[in-house]
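Residues per chain are reported as follows:
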Amino acid sequence: MPSADTDPSHRPSPGPRARGVARPSGRDVVAGITVALVLVPQSLAYAVIAGLPPQRGILASILPPVVGGTLGSSRYLQTGPTAITALLTFGALSAVAQPGTTAYVTLAVVLALLVGAARVAVGLLRVGGIAYLMSQTVVVGFTTGAALLIIAAQLPAALGTSGPHANPLLSAAAVLADPASWSPVAAAITAVVIVVVLVARRISPLAPGALAALVAATAASGLAGYAGPTLGRLSLDDMFAFEVDPAALPWLVVPAVVIALVGFAEPAAIARRYAAADREPWDPNREFIAQGAANVASAVSGGFPVGGSFSRTALGRQAGARTALAPAATSVAVLLTLPFLGLLEALPVAALAGVVIVAVGPLVDPRPMLHYRSLSGVQFGVALVTFLATVGFAPHVEYGVMIGIGMGIAVHLWREGRIHSHAWIEGDVLHVRPHGVLYFGSAPQLEGLLLVHLSRHPDAGRLAIHLGGLGRIDLTGALALEQILLDIREAGLQVEIRDVPEQTRRIAGRVLERTFDIEPSPGQDGHPDARPAQAPSEPSTVGDPVHSGTDRW
């Protein structure tokens, strides 16, 4: 899954082929510190996206890296705050508490605990494959919409004002329509931060451009007496000051499950990518447990839900990370920044907006969805509806995910229920080759197709049905097919069954051979293209094919 903090300019060099267990080294420490220099400014910005005090981002970055790195199956994965998870957190909490309040902070901690529990449960039950309920089209549609919302949410801060609406897009539109409210100084700060980060990346992916830009912006703000919004007091005195509203807790269960699944798509993609590069195995169930434990650790330290970061993982690997010592070094480095948080109190909020815009900007890319349109109109529709639902229901972006998953499942069931067929006539034998999946939902359609073919060829004395084009036949489908063919035989036609697929022979063969003879040698039926699981390259002109057009899924 693409991440909101993915930097496409990071191109980590291929790792060495695994030769046993890697040993910790000084390079891991250097890599961990390098990641921390990026994590600190990102964590501040992502906490703001989540509607939390900025210092809560630091708290969510201390324990999760070392916990996730130690327990996980990936040698490189860097865990901590991410933009998408922060946006999901804001959507879940803003409906039940006022952002920035003690009650809101408390619910963020509880949400991290629930997300952690959900992930650990999935891992312990060894059902990690549940994460793949989100198709690639759903992930792309949601990520694109979420990235657009994140950038829109930063525009008011970048222009030194505030948005009047809960939906970030509406707020951004209102602010852009009122140039008189803009602050040229804030806009200049945002622009300078963006330029500094981009230039630093061009110089070296390892350069801490974001941290350098924020330090410079803080210094300039203090010296020039900047009067715009700043981070303000970054005290940890209320680190464990909690206020629990029991009535709000049930409203967090569904968002916690959504975050647990959506947030896992990214670390899963990271782990698979680098496991393939190093030719090492990876265990999704173990990764679920590790990411769950990392969220529990974030809750313990007063943070909010976290996930795996693609950009920080790539950065750490490129800097030399090879073992869990690297994320452990990241945790220690972040911990050492706590005494110096007060130095960032003069940091303009506009500077943080610049950091977020640079991180998220590459994800506002319509090309993947347009590519889906050229491949499959239906799947493009799934991605588009997910995108529109994510944007339209903001700040409750979790609705977009749920709608996308529901559409993906509906499309799958619709596809599973569609049967099409080719037919041709040889003498008095009507040959029919159905294609699709035969189960109780598609059996009535197959019956209708057979009746259409028979009505078109009233002189046919025999029906040869070729099952090689069916990818799967379950028990109910086989029983339904048996009854259909019995009805046809009782109507006076001889029935032959050919090309039973090997993968369905155990069930379909046993059911059908009780009543019908099954041809033992597929492909030898006198039709040149009658191979199992293959349609004729050109349908016969004798007997028009029914529903034989190419469907783009």
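Below or above, wherever it landed, is the structure these notes cover. Only a predicted model underlies this, so the values are computations on that prediction, with no experimental measurement involved. (Residues numbered from 1 in each chain as written. Predicted model: local features only at pLDDT ≥ 70, side-chain atom pairs only at ≥ 80, totals over all residues. Heavy atoms only, no water.)

## Describing the nonpolar core
Judged by nonpolar contacts, the single largest core of 89 residues is most densely connected at Ile49, Leu111, Phe142 and Ile150. Ranked by the residues each element gives to this core, the list is headed by helix α6 (residues 136-158), at 9 residues. If you look at the next biggest cluster of nonpolar residues, it comprises 30 residues, including Leu438, Ala443, Leu493 and Leu512. (Core = buried A, V, L, I, M, F, W, Y, C linked by side-chain atoms within 4.5 Å. Buried < 20%, exposed > 50% of the residue type's maximum accessible area, 1.4 Å probe, protein only. Helix = DSSP H or I, 4+ residues; strand = E, 2+ residues; numbered from the N terminus.)

## Comments concerning the environment of Ala460
Looking at where Ala460 falls in the secondary structure, it is placed in the loop between α18 (443-456) and β5 (462-466). For Ala460, a relative accessible area of 11% puts it in the buried group. Placed 34 residues apart in sequence, Ala460 and Gln494 show a C-alpha to C-alpha distance of 9.5 Å.

## Some points on unusual backbone geometry
Pro395 follows Ala394 through a cis peptide bond whose omega is 10 degrees. Counting through the fold element by element, Pro395 comes out in the loop between α16 (377-392) and α17 (398-416). Although it is not a glycine, Arg126 sits at a positive phi angle of roughly 60 degrees. Phi at Arg279 takes a positive value of approximately 55 degrees, unusual for a residue other than glycine. Mapping Arg279 onto the fold places it in the loop between α10 (253-278) and α11 (284-300). In this structure Arg279 comes out as exposed when scored by relative accessible area, which is 59%.

## Focus: a nonpolar patch on the surface
Residues Val254, Val385, Phe393, Tyr399, Met402 and Ile403 make up a contiguous nonpolar surface patch of about 460 Å² in total accessible area. The element that contributes the greatest number of residues to the nonpolar patch is α17, accounting for 3 residues. If you trace the backbone, Met402 turns up in helix α17. (Patch = residues over 30% accessible without salt bridge, like charges linked within 9 Å, V, L, I, M, F, W, Y side chains within 5 Å. Areas by Shrake-Rupley, 256 points an atom, 1.4 Å probe, with all protein chains shown as cover. Salt bridge = Lys/Arg side-chain N within 4 Å of Asp/Glu carboxyl O.)

## Structural notes on the pattern of salt bridges
Across all of its chains, the model carries 8 salt bridges by this definition. Between Asp278 and Arg75 there is a salt bridge, and its shortest N-O distance comes to 3.0 Å. Here Arg75 lies in the loop between α3 (63-71) and β1 (78-80) and Asp278 lies in helix α10, a separation of 203 residues in the sequence. Asp278 sits in the buried class, given a relative accessible area of 0%. With a relative accessible area of 19%, Arg75 lands in the buried category. Here Arg462 ties to Asp428 by a salt bridge, and the two come within 4.0 Å at their closest N and O atoms. Note that Arg462 is positioned in strand β5 and Asp428 in the loop between β3 (420-426) and β4 (429-438), a separation of 34 residues in sequence. Since its relative accessible area comes to 38%, Asp428 is described here as partly exposed.

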